[in-house]
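Fold and contact review
Letter by letter, the chains look like this.
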Amino acid sequence: MITTEFKVNPEFEAQLAAAGGADVKLCFQCGTCTAGCPSGRRTSYRVRKLMRMAQLDMKEAILDSDELWECSTCYTCVERCPRQVPIVDIVVALRNIAVAEGHIRANHKKTATSFYKTGHTVPINDKIKAERKAMGLPEVPPTVLANKDAMDQLDKILDATGFNKIVE
Ligand code: SF4
Ligand code: SF4
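Cut-off values and rules
Residues numbered from 1 in each chain as written. Chains lettered and ligands numbered in written order. Predicted model: local features only at pLDDT ≥ 70, side-chain atom pairs only at ≥ 80, totals over all residues. Heavy atoms only, no water. Core = buried A, V, L, I, M, F, W, Y, C linked by side-chain atoms within 4.5 Å. Buried < 20%, exposed > 50% of the residue type's maximum accessible area, 1.4 Å probe, protein only. Helix = DSSP H or I, 4+ residues; strand = E, 2+ residues; numbered from the N terminus. Contact = heavy atoms within 4.5 Å. Axes fitted to C-alpha atoms, helices over the stretch in contact; angles between N-to-C directions. Parallel < 35°, antiparallel > 145°, perpendicular 65-115°, else oblique. Left-handed = near helix turned anticlockwise from the far one by under 90°. Nonpolar A, V, L, I, M, F, W, Y, C, P; charged D, E, K, R; others polar. Domains from an automatic or database assignment. Lys, Arg positive; Asp, Glu negative; His and termini not counted. Salt bridge = Lys/Arg side-chain N within 4 Å of Asp/Glu carboxyl O. Near = heavy atom within 4 Å. Phe/Tyr/Trp six-rings, centres within 6.5 Å; stacked < 30°, edge-to-face > 60°. Lys NZ or Arg CZ within 6 Å of the ring centre and 35° of its normal.

**Quick look at the nonpolar core**
If you look at the biggest cluster of nonpolar residues, it comprises 29 residues, and the most contacted ones within it are L16, L50, M51, I62, I87 and L94. The set of elements that each furnish at least two residues to this core consists of α1 (12-21), α4 (47-55), α5 (59-63) and α7 (87-100). At seven residues, α7 tops the list of elements feeding residues into this core. Setting aside residues up to four positions removed in sequence, M51 forms contacts with V24, C27, Q29, I87, I90 and V91.

**Comments concerning the packing of α1 against α7**
At a closest axis distance of 9 Å, the pairing of α1 and α7 adopts a crossing angle of 115°. With respect to their mutual orientation, α1 and α7 come out roughly perpendicular. Handedness of the α1/α7 crossing: right-handed. Counting all contacts with α1, which are made through F12, Q15, L16, A19, G20 and G21, the residues of α7 involved are D89, I90, A93, L94 and I97. Looking at the contact of α1 with α7, its residues break down into seven nonpolar, three polar and one charged.

**Topic: the domain arrangement of the protein**
Taken domain by domain, the protein consists of domain 1 (12-100) and domain 2 (106-167). On a C-alpha basis, the centroid separation for the pair domain 1 and domain 2 is 30 Å.

**Thoughts on the side chain of R95**
Of note, R95 is situated in helix α7. E70 provides the closest opposite charge to the buried, salt-bridge-free R95, at an N-O distance of 8.5 Å.

**Regarding the packing of α4 against α7**
Helix packing geometry: the angle between the two helix axes and the distance between the axes. Where α4 contacts α7, the axes come no closer than 11 Å and their chain directions differ by 60°. It follows that α4 is oblique to α7 by the angle criterion. Of the two elements, α4 crosses α7, and the hand of that crossing is left-handed. Side by side, α4 and α7 meet where V47, L50 and M51 of the first sit next to I87, I90, V91 and L94 of the second. Considered class by class, the residues forming the contact of α4 with α7 number seven nonpolar, no polar and no charged.

**Considerations on the site of ligand 2**
Inspection of the region around ligand 2 gives 13 residues, with C37, C71, C74, Y75 and C77 positioned closest. Going through the elements one at a time, α3 (38-42) and α6 (76-80) are the ones with two or more residues in the shell around ligand 2. Considered class by class, the residues forming the shell around ligand 2 number nine nonpolar, four polar and no charged.

**So, the pattern of salt bridges**
By the definition in use, this model includes six salt bridges. As a salt-bridge pair, E101 and K59 come within 3.0 Å of each other at their nearest N and O atoms. In this pair, E101 sits in the loop between α7 and α8 (106-118) while K59 sits in helix α5, placing the two residues 42 residues apart along the sequence. We note a salt bridge from K127 to E131, for which the minimum N-O separation is 3.3 Å.

**Points about the packing of aromatic side chains**
In the structure shown here, the tally under the stated rule is one aromatic pair. When the centroid spacing of 5.8 Å and the interplanar angle of 85° are considered together, the rings of F115 and F163 count as edge-to-face. Residue F115 is found in helix α8, and its partner F163 is found in helix α11 (residues 163-167); the two are separated by 48 residues along the sequence. For F163, a relative accessible area of 21% corresponds to the partly exposed category. Geometry around F28 places R83 over its ring, the cationic atom sitting 5.4 Å from the centre.

Rendered as structure tokens:
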């Protein structure tokens, strides 16, 4: 739950701008985004509120919130925003800051670790292999799992982008 405690971090504006969220300033709080947000219909997530909290430099409250992870990046809000605020880019920037500062959720870390180790977010275990075989498919899918060169290249990309630090 996003706290209503009003604690600001003045350095957050520059940090968010550097991460790609500078245009949060364009938001004039009309609420069109929240009105059309499918995630907000099912959860306590309110995207307009998140934009406002970012404008107010409420860093800790944002990074600690579950709502930050409830956007499905469907882009409905971006299509409708009268100020053309790049809302999803801002959400992603906030998430990147959250992860970089250790606010990653356990399940996200598990998924990231699987991707780092195998190239798949969902592991190919014996059960899946058996199901694939029963359907006439190769037990191991023709992805990086079956292509060592591609896996090596993926490893290089993940290390170069710092993805490895998420799972260490
Ligand atoms: S639709 Fe755009 S301007 Fe309106 S509240 Fe949402 S982000 Fe702000
Ligand atoms: S992109 Fe995220 S915030 Fe925007 S409408 Fe979709 S779920 Fe809601």
